[in-house]
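Take a look at the letters that make up each chain.
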Amino acid sequence: MRHFAGLLVGLVVTAALLGAGGWAVQQAVSSAAANPAGGQTMWIALGSMAAIGLVVGLVVAGQISPLATFVPAMVLLAWTVVYALDVTRAISLIPAEPSVNQLLREAGAGAKTLLTTGVYALLGVVLFIPVLMPSRWARRHDDEDEGYEQTPEGSYF
């Protein structure tokens, strides 16, 4: 059951990295390019980035199933490999048509920035490291749940 919950958390983290992370980067870049730079939009974008970083940090360091980090790691690394092999195909996966909602187009523009600068490759590797730890896959045992034999008094074993 914990691996199923880890899968669901992994899907949420993937959506947060791709959608909210892309939107926040696009807002921060456009706000920094504005004259004068900064403003409320910049603070909202930075707050969104901090929240996404907090979620990623909790998933990487937490005691949850490794599927919570495996799913976003594979998405980010696979997209990076596609970008390395065929740039036009990787960029074509980003929603940019006028029929798409404005928020999704902004998130796609930010995701393009993160993909082309290698940030997604970096995050993919960071999220893949907990998958390699065997202790993350093992079931947790409580000391109180295990039945152990009582030894007689004065015995060494």
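Quick note: structure is the one above.
Read on for an overview of the structure.

The rules behind the values
- Residues numbered from 1 in each chain as written.
- Predicted model: local features only at pLDDT ≥ 70, side-chain atom pairs only at ≥ 80, totals over all residues.
- Heavy atoms only, no water.
- Axes fitted to C-alpha atoms, helices over the stretch in contact; angles between N-to-C directions.
- Helix = DSSP H or I, 4+ residues; strand = E, 2+ residues; numbered from the N terminus.
- Parallel < 35°, antiparallel > 145°, perpendicular 65-115°, else oblique.
- Left-handed = near helix turned anticlockwise from the far one by under 90°.
- Nonpolar A, V, L, I, M, F, W, Y, C, P; charged D, E, K, R; others polar.
- Core = buried A, V, L, I, M, F, W, Y, C linked by side-chain atoms within 4.5 Å.
- Buried < 20%, exposed > 50% of the residue type's maximum accessible area, 1.4 Å probe, protein only.
- Contact = heavy atoms within 4.5 Å.
- Salt bridge = Lys/Arg side-chain N within 4 Å of Asp/Glu carboxyl O.
- Patch = residues over 30% accessible without salt bridge, like charges linked within 9 Å, V, L, I, M, F, W, Y side chains within 5 Å.
- Areas by Shrake-Rupley, 256 points an atom, 1.4 Å probe, with all protein chains shown as cover.
- Arc of directions from axis to C-beta.

1. Some points on the packing of helix α1 (residues 2-33) against helix α2 (residues 40-61)
Right, so step 1: Contact pair α1 / α2: the axes reach a minimum separation of 8 Å and the direction vectors enclose 155°. When the interaxial angle is binned, α1 and α2 end up roughly antiparallel. Relative to α2, the crossing made by α1 is left-handed.
Right, so step 2: Broken down by class, the residue content of the contact of α1 with α2 amounts to 18 nonpolar, five polar and no charged.

2. Some points on the nonpolar core
Right, so step 1: Of all hydrophobic cores here, the largest spans 17 residues; its most connected members are L17, V56, W79, Y120 and L127.
Right, so step 2: Taken together, the elements giving at least two residues each to this core come down to α1, α2, α3 (67-85), α5 (102-116) and α6 (119-128).
Right, so step 3: Filtering out sequence-adjacent residues up to four positions away, Y120 remains in contact with L17, L18, L76, W79, T80, A111, L114 and L115.

3. What about the pattern of salt bridges?
Right, so step 1: For the coordinates displayed, the defined rule picks out one salt bridge.
Right, so step 2: With a closest N to O distance of 3.7 Å, D86 and R89 form a salt bridge.
Right, so step 3: The exposure class of D86 is partly exposed, given its relative accessible area of 30%.
Right, so step 4: For R89, a relative accessible area of 55% puts it in the exposed group.

4. Some points on a nonpolar patch on the surface
Right, so step 1: A contiguous nonpolar patch, built from M1, F4, L7, L8 and L11 and spanning about 550 Å² of accessible area, is present on the exposed surface.
Right, so step 2: As for its position among the elements, M1 is in the segment before α1.

5. Let's talk about the environment of G38
Right, so step 1: Looking at the secondary structure, you find G38 in the loop between α1 and α2.
Right, so step 2: What makes G38 partly exposed here is its relative accessible area of 27%.
Right, so step 3: Here the alpha-carbon distance between G38 and A28, two residues ten residues apart in the chain, equals 8.5 Å.

6. Some words on α6
Right, so step 1: Residues of α6 that are buried include every one of Y120, G124 and L127, and no others. What you see down the axis of α6 is that its buried residues fit within an arc of 70°, all on one side.
Right, so step 2: Buried residues along α6 sit in contact with α1, α2, α3 and α5.

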